[in-house]
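Survey of secondary and tertiary structure
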Amino acid sequence: MRISPNYTRGRSAGHRRTPTVHDRPVSWYRLLPARAAAQVTTLVLHATETPDLETAWELAEHGPRVCGHLYLDRDGSVHRFVPLDRVASHVRGHNTPSIGVELVNTGRHPDHFDTRSQTPDEDFPADQIEALKNLFPALRAEFPRLRTLLRHSDLDLETVPSTDDPSRRVRRRIDPGPRFPWDEVKAFWDQISDASTCGSSPTFGRSGRSGGSPPMR
C-alpha cells in the first residue's frame, strides 16, 4: 500500500520520498478501541528491543497484545501492525492520543533488566532514520492535531528491581535509547511543524485495510 504523495512538499521540509507501508495487521486488532483522527496528538518513538522484525511480529501476534502501530526495519521498510484509527497498547497511560512507532533495534535484548545490559550498543541505520523522517509529513497530514514528538523513555520513568541484583533498580523503559539520534530527528520534526500540506490527506491508517521476551509496555 502506498501513501498518497500529496503530503510531500512543505514550505520548510522540502520534498520527501513517499513511503510505502506494508500491511501486516495482528489478527486481534479489531478488539482494540477505535478512535477519531482528532484525538491523536502525540507520536511516541520506541525501539523494539528484539533481534529482528520477525521476532517483534511474533511477540505482537502471540504475546499479551502489546505493540505499536508502525514498525521500521533496519532497511527502512515500514510495516503496519495496527491501523492508526485503533488505540494500540504501546505506552502506559498515553495510548488513546498517541501513535506508536517502533524501530527495530536490539536495545537491551535479551537481558532487559540486568544491570549489565543497560547500555545498548546497536546504532540506528541511516535508512531507518530516513524512513522515519519520511513518515512525519504523512502522519501530520493524516492527523491535523498531531504536534508532539516524544520518546517512550520520556513518558515511562518507572524503575524496577534488576534481575541480577534485586537490591538495585533499573529503568523499565529506556527506548529508543542513547544511541538513537534524538537531536537530529527532533530538529527535523520541529522544522516541519509549520509546514503546510496540500491536496487530500492520505488514508493509510484505516481499520480493515490490509495491504527472553521484552517487558510489557
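As the structure is a computational prediction, the values presented were derived from the model and not from experiment. (Residues numbered from 1 in each chain as written. Predicted model: local features only at pLDDT ≥ 70, side-chain atom pairs only at ≥ 80, totals over all residues. Heavy atoms only, no water.)

1. Comments concerning the confidence of the model for the protein chain
Residues at a pLDDT of 70 or more form 82% of the protein chain, whose mean pLDDT is 86. Residue range residues 1-14 is modelled with pLDDT below 50. Its contacts to residues more than four positions away, or to other chains, number 49 contacts. Across residues 208-216, where pLDDT falls below 50, the model places 26 contacts with residues more than four positions away in sequence or in other chains. (pLDDT = per-residue confidence, 0-100. Contact = heavy atoms within 4.5 Å.)

2. Looking at the packing of helix H2 (residues 126-142) against helix H4 (residues 182-191)
Where H2 meets H4, the axes come as close as 11 Å, and the angle between the chain directions of the two elements is 25°. As far as their axial angle goes, H4 and H2 are roughly parallel. Here H2 and H4 pass one another in a crossing that is right-handed. Side by side, H2 and H4 meet where Ile129, Leu132, Lys133, Phe136 and Arg140 of the first sit next to Glu184, Val185, Phe188 and Trp189 of the second. (Axes fitted to C-alpha atoms, helices over the stretch in contact; angles between N-to-C directions. Helix = DSSP H or I, 4+ residues; strand = E, 2+ residues; numbered from the N terminus. Parallel < 35°, antiparallel > 145°, perpendicular 65-115°, else oblique. Left-handed = near helix turned anticlockwise from the far one by under 90°.)

3. A short note on the pattern of salt bridges
Applying the stated criterion to the full structure yields 14 salt bridges. Across the salt bridge formed by Arg151 and Asp154, the nearest N and O atoms sit 3.2 Å from each other. According to the relative accessible area criterion, Arg151 is partly exposed, its value standing at 23%. A residue is classified by how much of its surface remains accessible, and Asp154, at 30% relative accessible area, is partly exposed. Look at the salt bridges and you will find they share partners, linking Arg92, Asp156, Glu158 and Arg172 into a network. (Salt bridge = Lys/Arg side-chain N within 4 Å of Asp/Glu carboxyl O. Buried < 20%, exposed > 50% of the residue type's maximum accessible area, 1.4 Å probe, protein only.)

4. What to know about the environment of Arg140
By the element assignment, Arg140 lies in helix H2. When the C-alpha atoms of Arg140 and Ser193 are compared, they prove to be 8.5 Å apart, with 53 residues separating the residues in sequence. Not counting residues within four places of it along the chain, the set of residues in contact with Arg140 comprises Leu146, Arg147, Trp189, Ile192 and Ser193.

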